[in-house]
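# Secondary and tertiary structure notes
Take a look at the letters that make up each chain.
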Amino acid sequence: MSTFIQTVIVGLRLGSVYALIALGYTMVYGIIRLINFAHGDFIMVGGYTIIFTVPLVLALGLPAWAAVLAAIAVCALVGMGTEIIAYRPVRKKGTNMSALITAIAMSLFLENLAQAIPAIGPNPKVANQIFAAGGFKIGSVTFEYTTVITIVISAVIMIVLYMFTQKTRLGRAMRCVSEDKSAATLMGINVNHTIILTFAIGSALAAVAALMYMAQYPRIYTTLGSDLGIKAFVSAVLGGIGIIPGAVLGGFVVGLFESFTTSYISSSLADAVVFLILIVVLLLKPAGIMGKNVGEKV
Amino acid sequence: MLEIKDLNVFYGAIHAIKGISLSVDEGELVSLIGANGAGKTTTLHAISGLIPSASGSITLDGADLRKTPANKIISMGLSHVPEGRHVFARMTVEENLRMGAYIIRDQKTITKNLDMVYSHFPRLKERRRQLAGTLSGGEQQMLATGRALMTDPKIILMDEPSMGLSPLLVKEIFAIIEELHKSGITILLVEQNAKMALAVADRAYVLETGKISMSGKAAQLAQDDRVRKAYLGA
């Protein structure tokens, strides 16, 4: 029984990291119908920012996790820059296909750029301890502080994000732009600003995900983003891409399946099972678990 | 109030609007009729800034709309009910209406305008918690129209409000347009249903392949032989 509960907890921890990243994929997809392949690499950008700012943050007498603030700022800037410099011009002139290829190019560009920076280089780097080590026990189940913090913070962020899209003026504008850009323009919404804001939020979430990931696995390398990104992308598709609660659900489904496969079958099969689940779900529900088409009647 | 002079619009190499001029005075209901592809929707899109115009002038009470970015047009007092409604399907009726008042920050004004819209469209009030995507075509048209009224605009542009509606609903929609007109709202109406459009309008323009071929009092145009032959099926 305690193994079971432990497995659930690990699944929730993995799932909350996937969900945070999946939200970035799904928000950008929702607003410009683009699979932002560079999104995974924003995590890598966030990770290295944390590595480089932790000493500074510690020198200032702050806890190590405060480095995430720098990562949020850097990631948001990189995300907004990617949209303004690369995606927007291509979207104006090109087709969906050229936009997709631009996204892949941006992903490779960020990875190669990171390797080219001498301070980063091709070898993995090891991060400092981010949250307090250790944990507590309830019965025979161990709760590590890192795990609890990851799950709680992620849950809070997701709830805040959901409230933001439902209740605030900017959040509603975001939903309008994702549904219908010309109608949104007629309402007085600045579509370009809204898209940039979406990139900023999505990238900031990637920075938080980087912190959570490194708190557990304190090793970072330049292609980390692709590895993590692909699972988060699967989560977003699984839940129904473009749908915010779907990304969260998808993230937890992927995290739990990965955790259970690792515990009860074999860790080397974990990724295979995740993709198997994706295929089965897409066969049964092509638009994802929460995906449905609310058609506009004419 | 709305003045368009020598307006030219290109779609790539296609000269879609060839130097048209038209005006709408305060309180008027003006119809722009014409066949499919004549440039009616293009004209409205150029006014709202959704597509750029090549030359000419568009002014609203003297303010230059051609220099105004598309998302600022509504703040100038011009609302646009687009062809095909374009309601936000995944939002509720009331959320849609509130989006219509996006540019208004004052909650009291929003509430006041919401009440005004509900008084014009009691059915929207009944369905205010329903998702817009689940409304019938006629109700969606009411919603799109109500949404455009949420800023209490000087003028509204209506693009093909009767499109895809049953004859009974077409009558209902036109009754609403007449009622809005009577309550003092200025309207520029684009319609393929020339008969109804001429019946409710004060004045009308006929658009043919990007040029205005005829204009005048709607009642007179409805009697004109050329209009009757080409648009009224007489």
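To be clear, the structure that these remarks concern was listed above.
In this report, the structure presented in the accompanying data block is examined. Fair warning: this is a prediction, and the values are worked out from it, not measured in the lab. (Residues numbered from 1 in each chain as written. Chains lettered and ligands numbered in written order. Predicted model: local features only at pLDDT ≥ 70, side-chain atom pairs only at ≥ 80, totals over all residues. Heavy atoms only, no water.)

## Remarks on the overall build of chain A
In terms of helices and strands, chain A carries eleven helices and four strands. Taken over the C-alpha trace, chain A has a radius of gyration of 19 Å; the compact-globule value for 298 residues is 19 Å, and the two agree within 12%. Considering only C-alpha atoms, chain A reaches an extent of 60 × 45 × 35 Å along its principal axes. When the 298 residues of chain A are sorted by exposure, 51% land in the buried category. Taking the intrachain contacts of chain A between residues at least 6 apart in sequence as the baseline, contacts between residues at least 24 apart amount to 73%. If you sum the accessible surface of chain A, you get close to 13200 Å²; carbon and sulfur atoms cover 71% of it. (Helix = DSSP H or I, 4+ residues; strand = E, 2+ residues; numbered from the N terminus. Rg over C-alpha atoms; globule rule 2.2 N^0.38 Å. Buried < 20%, exposed > 50% of the residue type's maximum accessible area, 1.4 Å probe, protein only. Contact = heavy atoms within 4.5 Å. Areas by Shrake-Rupley, 256 points an atom, 1.4 Å probe, with all protein chains shown as cover.)

## So, the overall build of chain B
Tallying secondary structure elements over chain B gives nine helices and ten strands in all. At 17 Å, chain B has a C-alpha radius of gyration in line with the 17 Å of a compact globule built from 234 residues. Overall, chain B is about 45 × 40 × 30 Å in size when its C-alpha atoms are taken along their principal axes. Relative to its 234 residues, chain B shows a buried fraction of 56%. Here the analysis covers contacts within chain B between residues at least 6 apart in sequence; of these, 66% occur between residues at least 24 apart. As displayed, chain B has an accessible area near 9900 Å², and 51% of this comes from carbon and sulfur atoms. When the 28 basic and 25 acidic side-chain charges of chain B are each reduced to a single mean position, those positions are 3 Å apart. (Lys, Arg positive; Asp, Glu negative; His and termini not counted. Charge placed at Lys NZ, Arg CZ, Asp CG, Glu CD.)

## Brief notes about the nonpolar core
By size, the foremost hydrophobic cluster in this structure holds 94 residues, and its most contacted members are Leu20, Ile21, Leu23, Ile50, Tyr87, Ile189 and Leu205 of chain A. The element that contributes the greatest number of residues to this core is helix H8 (residues 191–216) of chain A, accounting for 15 residues. Tyr87 of chain A has contacts with Leu34, Asn36, Ala38, Thr82, Thr102, Ala103, Met106 and Phe199 of chain A, leaving out every residue within four places of it along the chain. Ile104, Ala132, Met150 and Met158 of chain B belong to the second largest nonpolar core, which has 46 residues in total. (Core = buried A, V, L, I, M, F, W, Y, C linked by side-chain atoms within 4.5 Å.)

## What to know about the sheet that holds strand E1 (residues 2–11) of chain B
All names here are of chain B. Spatial ordering of the open sheet is given by E2-E1-E4-E5, a layout of four strands whose pairing is antiparallel. Every other strand in the sheet has two partners, leaving strand E2 (14–24) and strand E5 (63–64) as the edge strands with one partner each. Alignment of E1 against E2, held across eight bridges, turns out to be antiparallel. Bridge pairing in E2 links Leu2 to Val24. Contacting E1, E2 and strand E4 (55–60), helix H1 (residues 40–48) runs over the sheet at an angle of about 110 degrees to E1. (Pairing = 2+ DSSP bridges. Axes fitted to C-alpha atoms, helices over the stretch in contact; angles between N-to-C directions.)

## Here we look at the packing of aromatic side chains
Overall, the coordinates contain nine aromatic pairs over all chains when judged by the stated rule. Centroid distance Phe136 of chain A to Phe143 of chain A: 5.3 Å. Interplanar angle 10 degrees. Geometry classified as stacked. Classification of Phe136 of chain A by relative accessible area gives partly exposed; the value is 33%. An aromatic cluster is defined as three or more aromatic residues linked by ring pairs; in this entry it consists of Phe4, Phe260 and Tyr264 of chain A. Here the guanidinium or amino end of Arg169 of chain A rests over the ring plane of Tyr102 of chain B, the centre of that ring lying 4.0 Å away. (Phe/Tyr/Trp six-rings, centres within 6.5 Å; stacked < 30°, edge-to-face > 60°. Lys NZ or Arg CZ within 6 Å of the ring centre and 35° of its normal.)

## What to know about the interface of chain A and chain B
Listed as interface residues are 24 residues of chain A and, on the opposing side, 29 residues of chain B. Where chain A abuts chain B, roughly 2600 Å² becomes buried across the two surfaces, and 58% of that area is made up of carbon and sulfur atoms. By the criterion of area lost to chain B, the three top residues of chain A are Arg169, Leu186 and Met187 of chain A, representing 28% of everything that side buries. Our enumeration of links across chain A and chain B arrives at one salt bridge. One can count five residue pairs in polar contact (both at pLDDT 80 or more) joining chain A with chain B. Those elements giving two or more residues to the side of chain A that touches chain B turn out to be helix H6 (169–179) and helix H7 (181–186) of chain A. Top contributing element to the side of chain A that touches chain B by residue count: H6 of chain A, with eight residues. When its residues are assigned to classes, the side of chain A that touches chain B shows ten nonpolar, seven polar and seven charged. (Buried area = accessible area lost by both parts, 1.4 Å probe. Salt bridge = Lys/Arg side-chain N within 4 Å of Asp/Glu carboxyl O. Polar contact = N/O pair within 3.5 Å; in protein donor to acceptor, adjacent residues only side chain to side chain. Nonpolar A, V, L, I, M, F, W, Y, C, P; charged D, E, K, R; others polar.)

## Section: the sheet that holds strand E9 (residues 203–208) of chain B
Residues and elements named next belong to chain B. Spatially, E6-E7-E8-E3-E9-E10 is the arrangement adopted by the six strands of the open sheet, whose pairing is mixed. Because the sheet does not close on itself, it has two edges, and the strands there are strand E6 (78–81) and strand E10 (211–217). Each strand of the sheet is rotated relative to its neighbour by a mean of 15 degrees, with strand direction disregarded. The pairing of E9 with E10 spans six bridges and is classified as antiparallel. By the bridge assignment for E10, Glu208 is matched with Lys211. Sheet contacts for H1: strand E3 (29–34), E6, strand E7 (155–159), strand E8 (186–191) and E9; angle to E7, the most-contacted strand, approximately 145 degrees. Contacts between helix H6 (residues 167–182) and the sheet are confined to E3, E7 and E8, with E8 contributing the most and set at about 155 degrees to the helix.

## Regarding the pairing of E4 of chain B
Residue and element names in this part refer to chain B. Of the pairings in the sheet, the one linking E1 to E4 comprises five bridges and is antiparallel in character. Bridge pairing in E4 links Glu3 to Thr59. Of the pairings in the sheet, the one linking E4 to E5 comprises two bridges and is antiparallel in character. Its bridge partner lying in E5, Leu60 is registered against Ala63. Between the end of E4 and the start of E5, which pair antiparallel, lie two residues, with Asp61 showing a positive phi angle near 50 degrees.

## Remarks on the layout of surface pockets
Approximately 930 Å³ is the volume attributed to the largest pocket. Together, 29 residues line the largest pocket, and Gly242, Ile243, Ile244 and Pro245 of chain A together with Arg90 of chain B are the ones closest to its centre. Grouping the constituent residues of the lining of the largest pocket by class yields 14 nonpolar, ten polar and five charged. By volume, the second largest pocket is sized at about 420 Å³. What lines the second largest pocket is a set of 16 residues, among which Lys92, Lys181, Thr185, Val191 and Asn192 of chain A lie closest to the centre. (1 Å grid on protein atoms, 1.4 Å probe; cavity = no way out; pocket = protein on both sides within 12 Å on 5 of 7 lines; lining within 4 Å. Points joined across faces, edges and corners; volume = space filled by probe spheres on them.)

## Brief notes about helix H10 (residues 244–265) of chain A
Residues and elements named next belong to chain A. Taking 1.5 Å of rise per residue, 22 residues should cover 32 Å, and H10 covers 31 Å from first to last C-alpha, within 8% of that figure. The complete set of buried residues in H10 reads Ile244, Gly246, Ala247, Val248, Gly250, Gly251, Val253, Val254, Gly255, Glu258, Ser259 and Thr261. Looking at the buried residues of H10, the elements they touch are helix H1 (2–32), helix H5 (145–167), helix H9 (224–239) and helix H11 (270–284). (Expected span 1.5 Å × (residues − 1).)

Note that all results are geometric; they support no functional claim without further evidence.
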